[in-house]
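What follows is the residue order along each chain.
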Amino acid sequence: MEQAYFPIFINLLNKRVVVVGGGVIATRRVQTLCSFGCNIEVIAPEISEALKNLANEEKITWHARSYQERDVIGAAIVVTATNQRLINYKVGQECLKVLIPVSVADSKEESTFYFPGIAKEEAVVVGVSASGTDHKMAKRVTDGIKNVLKSIVQKE
Ligand SMILES: C[C@@]1(CC(=O)O)c2cc3[nH]c(cc4nc(cc5[nH]c(cc(n2)[C@H]1CCC(=O)O)[C@@](C)(CC(=O)O)[C@@H]5CCC(=O)O)C(CC(=O)O)=C4CCC(=O)O)c(CCC(=O)O)c3CC(=O)O
Ligand SMILES: NC(=O)C1=CN([C@@H]2O[C@H](COP(=O)(O)OP(=O)(O)OC[C@H]3O[C@@H](n4cnc5c(N)ncnc54)[C@H](O)[C@@H]3O)[C@@H](O)[C@H]2O)C=CC1
């Protein structure tokens, strides 16, 4: 069995969050992070239409270029989800050096935190992890909790 990770809830209000990459995975994660009040900076030469819309609405900042060393400095957390193994590795290593928590989308070993499946209903937030063993299970459980959470919170 993988060692389970302890869940913590971080205040990201007005904090810098760096997302390297702007494709399918980065987009999903940015959309999740948007509910948590942080200042999201996306670094990628190309981004999805959904991210372009968020940038136009000034909900995120887009740096239209490749990742450069030191881009992560000052971030509270970092997500790297490019389709370049070497870039994701480099981002992970830099974060490790400066002690910034990082989720590396293509390597659980290089991640110092896991991006959870998130169910949120008003002030109630549930984060789901399968301890890096089974992201499909994490998704299934998250979807189940989303349904249950809605009915429980709305009954109040
Ligand atoms: C360890 C972790 C590290 C981290 O990324 O932080 C990680 C790692 C990896 N995921 C991979 C693949 C996929 N992951 C998903 C989905 C989710 N993955 C998520 C979290 C995490 N994924 C972290 C903790 C996981 C845990 O707790 O067990 C969720 C919960 C949150 C989110 O991503 O938003 C979200 C589900 C919730 C939701 O959707 O609601 C899909 C499906 C999809 O995209 O639709 C696929 C592709 C399809 C397939 O392969 O089945 C690969 C192989 C990549 C490759 O092949 O290169 C790795 C690398 C590895 O395992 O080493
Ligand atoms: N953890 C998870 O939930 C999952 C992880 N993955 C992994 O996530 C990674 C990304 O997948 P997708 O989003 O589907 O890829 P994608 O192809 O949709 O997007 C890749 C993005 O990376 C950007 N990019 C490329 N080189 C860059 C550089 N040097 N600096 C900054 N940005 C750069 C591109 O501009 C693009 O925006 C892959 O490694 C994949 O294996 C895939 C599925 C799920």
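Residue positions are counted from 1 within each chain, in the order its sequence is given. To read the labels, note that chains go from A and ligands from 1, taken in the order they are written. Selection of residues for local features in this predicted model requires a pLDDT of at least 70, selection of side-chain atom pairs for listing and counting requires 80 or more, and totals for whole chains, interfaces and linings are taken over all residues. The basis for every side-chain value is the complete set of heavy atoms in the structure, and neither hydrogens nor water enter the calculation.

For the protein chain, the name recorded in an unreviewed UniProt entry is precorrin-2 dehydrogenase, with Anaerosporobacter mobilis DSM 15930 as its organism. UniProt positions are given in the numbering used here, feature names are shortened, and annotations may be inferred rather than shown by experiment. As recorded by UniProt, the Catalytic activity (unreviewed entry) comment attached to the protein chain reads in full: "precorrin-2 + NAD(+) = sirohydrochlorin + NADH + 2 H(+)". On record in UniProt, under Pathway (unreviewed entry), the comment for the protein chain is "Porphyrin-containing compound metabolism; siroheme biosynthesis; sirohydrochlorin from precorrin-2: step 1/1."

Chemist: Just to check I follow, could you spell out the pattern of salt bridges for this structure?
Modeler: Opposite charge on two side chains permits pairing when their charged atoms draw close. We define a salt bridge as a contact between a side-chain nitrogen of Lys or Arg and a carboxyl oxygen of Asp or Glu at a distance within 4 Å. For the coordinates displayed, the defined rule picks out seven salt bridges. Across the salt bridge formed by K59 and E57, the nearest N and O atoms sit 3.0 Å from each other. Note on classification: 1.4 Å probe, protein chains only; a residue is buried when its accessible area is under 20% of the maximum for its type, exposed when over 50%, partly exposed between these limits. Note on E57: relative accessible area 47%, which makes it partly exposed. Linking D106 and R85 is a salt bridge whose minimum nitrogen-to-oxygen distance equals 3.0 Å.

Chemist: Explanation requested: the layout of surface pockets in the structure shown.
Modeler: Think of a ball as big as a water molecule: rolled over the atoms, this probe shows where empty space is left. With a 1 Å grid spanning the protein atoms alone, the term cavity applies to any set of points in which a 1.4 Å probe fits but cannot get out, the term pocket to an open set with protein on both sides within 12 Å along at least five of seven lines, and the term lining residue to any residue with an atom within 4 Å of a point. Grid points are joined across faces, edges and corners, and a volume is the space filled by probe spheres set on the points. When its volume is computed, the largest pocket comes out at roughly 970 Å³. Lining the largest pocket are 34 residues, with R28, R29, F115, G117 and H135 positioned closest to its centre. Only runs of H or I of at least four residues qualify as helices and only runs of E of at least two qualify as strands under DSSP, and these elements are numbered from the N terminus. Every element with two or more residues in the lining of the largest pocket is listed here: α1 (24–33), β5 (102–104), β6 (117–121) and α4 (135–155). Per-element accounting of the lining of the largest pocket gives the leading share, seven residues, to α4. Tallied by class, the residues present in the lining of the largest pocket amount to twelve nonpolar, twelve polar and ten charged. Of the domains in this structure, domain 1 (16–104) and domain 2 (117–155) are the two that each give at least three residues to the lining of the largest pocket. When its volume is computed, the second largest pocket comes out at roughly 730 Å³. The nonpolar class holds Ala, Val, Leu, Ile, Met, Phe, Trp, Tyr, Cys and Pro. Asp, Glu, Lys and Arg form the charged class, and all remaining residues, Gly among them, are polar. Residue ranges for the domains originate in an automatic or database domain assignment.

Chemist: What exactly am I supposed to notice about the site of ligand 2 here?
Modeler: The environment of ligand 2 is formed by 21 residues, the closest being G22, I25, E46, Y67 and A105. Two N or O atoms form a polar contact when they lie within 3.5 Å of each other; inside protein one atom must be a possible hydrogen donor and the other a possible acceptor, and for residues adjacent in sequence the pair counts only when both atoms belong to side chains. Residue R29 places a side-chain N or O atom 3.3 Å away from a nitrogen atom belonging to ligand 2. One nitrogen or oxygen atom from the main chain of Y67 is found 3.0 Å from a nitrogen atom belonging to ligand 2. Accessible surface is estimated by sampling points in the Shrake-Rupley manner with a 1.4 Å probe; for residues, cover comes only from the protein chains shown. Within the complex, the protein chains bury 69% of what would otherwise be the 880 Å² of accessible surface of ligand 2. Per-element accounting of the shell around ligand 2 gives the leading share, four residues, to α1. For the shell around ligand 2, the per-class residue count stands at ten nonpolar, seven polar and four charged. What makes a residue near a molecule or strand is one non-hydrogen atom of that residue sitting within 4 Å of it.

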